[in-house]
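Now for the letters of each chain:
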Amino acid sequence: MTGTALRPEMAEEFRARILADPALVLDDKDVMRTLVAASERGMGDNIIDLRGLAMERLETRLDRLEETHRAVIAAAYENLSGTNQIHRAILRMLDPEQFEDFLRNLGHDVAQILNVDAIKLVLESPDAGPDPALERISDVLCVVKPGFIEAYMSSERGPTSRQVILRQAIPQTDVLYGTKTPDLRSEACMRLDLGKHRMGGLLVMGSDNPHMFKPGQGTDLLSFFAGIFERSMRRWLA
């Protein structure tokens, strides 16, 4: 008798347990794989066990389904987390009652909630230029010459009409981010419609994380955020 052989009474008890509850074997992939392999060896090299092949294929499909299931759950969780993040940022953005507090809140609390390293509100004006009064209010607001927004949102392919663009190549200009520009690795640009008879606006978010914003990501949440931001700005500009 070898060291791994079962005594007759133990073998009978083991057999009875399996007969009473086949799931002990059927639900264990390793055990089933071993049994199928042993069955194939017993049949010889000239016999193909279609059941074994079918089981292998089913196991492969099951593994793929499990991977897809995990990916779907991860994507759903990430989307839910992003939605909650945008909602919290919007609620915080709507709190201030003064425009100065609105800008200060945007560059601090809202930026922290959204986990970005810089936020800039860009407004076009024919009278753009250094303005000490604006600089004292906040470093979030940036007033530029007409045409700057269109040029800034353009890519190598030319101008774009999209409201939101995500990119990992940030134009190397000090106009918006100043000394932070070399450290930023990704950016979200949201075109703003500030109403009739008003020039265009732009809200930009920069991050030192190259994967924070990149082409191919969904922009629905950022479009929603931009829509709320537009309405807030129209109230301040009224």
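Residues numbered from 1 in each chain as written. Predicted model: local features only at pLDDT ≥ 70, side-chain atom pairs only at ≥ 80, totals over all residues. Heavy atoms only, no water.

Asker: Explain unusual backbone geometry to me, using residue names and the numbers behind them.
Answerer: With phi around 60°, N115 is a residue other than glycine that occupies positive phi space. One can find N115 in the loop between α5 (99-114) and β1 (118-124). (Helix = DSSP H or I, 4+ residues; strand = E, 2+ residues; numbered from the N terminus.)

Asker: Which residues make up the nonpolar core, and what values do they have?
Answerer: Formed by 32 residues in total, the largest nonpolar core has its most connected members in L121, M190, L203, M205, F225 and F229. If you list the elements that add at least two residues to this core, you get α4 (50-93), α5, β1, β3 (164-167), β4 (186-192), β5 (201-207) and α8 (220-237). Those residues in contact with L121 that sit more than four places away from it in its chain are L103, V140, L141, C142, L192, L202, L203, F229 and M233. Among the nonpolar cores identified, the runner-up in size contains 16 residues, and A118, L176, L184 and V204 belong to it. (Core = buried A, V, L, I, M, F, W, Y, C linked by side-chain atoms within 4.5 Å. Buried < 20%, exposed > 50% of the residue type's maximum accessible area, 1.4 Å probe, protein only. Contact = heavy atoms within 4.5 Å.)

Asker: I'd like a rundown of the packing of aromatic side chains, residues and numbers included.
Answerer: Enumeration over the complete set of coordinates arrives at five aromatic pairs. Plain terms: the ring middles of F99 and W236 are 5.9 Å apart, the flat faces sit at 55° to each other, and that makes the pair tilted. A residue pair is termed long-range when its members are at least 10 positions apart, and F99 in helix α5 and W236 in helix α8 qualify at 137 residues. A residue is classified by how much of its surface remains accessible, and F99, at 21% relative accessible area, is partly exposed. Each ring, one from F148 and one from Y152, has its centre 5.6 Å from the other, and the planes form 20°; the classification is stacked. Note that F148 and Y152 are positioned in helix α7 (residues 148-153) at a spacing of four residues, about one turn of the helix. (Phe/Tyr/Trp six-rings, centres within 6.5 Å; stacked < 30°, edge-to-face > 60°.)

Asker: Can you tell me about the side chain of E187, naming the residues and giving the values?
Answerer: Mapped onto the fold, E187 is located in strand β4. The buried category is assigned to E187, whose relative accessible area is 0%. A distance of 2.7 Å separates polar atoms of two side chains, one belonging to E187 and the other to Y177. Those residues within four positions of E187 in sequence are excluded, and the remaining contacts are Y152, I165, L166, R167, I170, P171, Y177, V204, M205, G206 and F213. (Polar contact = N/O pair within 3.5 Å; in protein donor to acceptor, adjacent residues only side chain to side chain.)

Asker: Help me get a handle on the packing of α5 against α8, residues and values and all.
Answerer: Two elements in contact, α5 and α8, have axes separated by 12 Å at closest approach and are oriented at 165°. In terms of their interaxial angle, α5 and α8 are classed as roughly antiparallel. Where α5 crosses over α8, the two elements pack in a sense that is right-handed. Mapping the contact onto sequence places F99, F102, L106, V110 and L114 in α5 and F225, F229, S232, M233 and W236 in α8. Of the residues assigned to the contact of α5 with α8, the class counts are nine nonpolar, one polar and no charged. (Axes fitted to C-alpha atoms, helices over the stretch in contact; angles between N-to-C directions. Parallel < 35°, antiparallel > 145°, perpendicular 65-115°, else oblique. Left-handed = near helix turned anticlockwise from the far one by under 90°. Nonpolar A, V, L, I, M, F, W, Y, C, P; charged D, E, K, R; others polar.)

Asker: Just give me the short version of the sheet that holds β5, but keep the residues and values in it.
Answerer: With mixed pairing, five strands are arranged side by side in an open sheet as β2-β1-β5-β4-β3. A strand with exactly one partner marks an edge of an open sheet, and here the two such strands are β2 (141-144) and β3. Across this sheet, the average inter-strand angle for adjacent strands is 20°, counted without regard to direction. Note: β1 against β5, six bridges, orientation antiparallel. What sits directly across from L121, in β5, is L203. (Pairing = 2+ DSSP bridges.)

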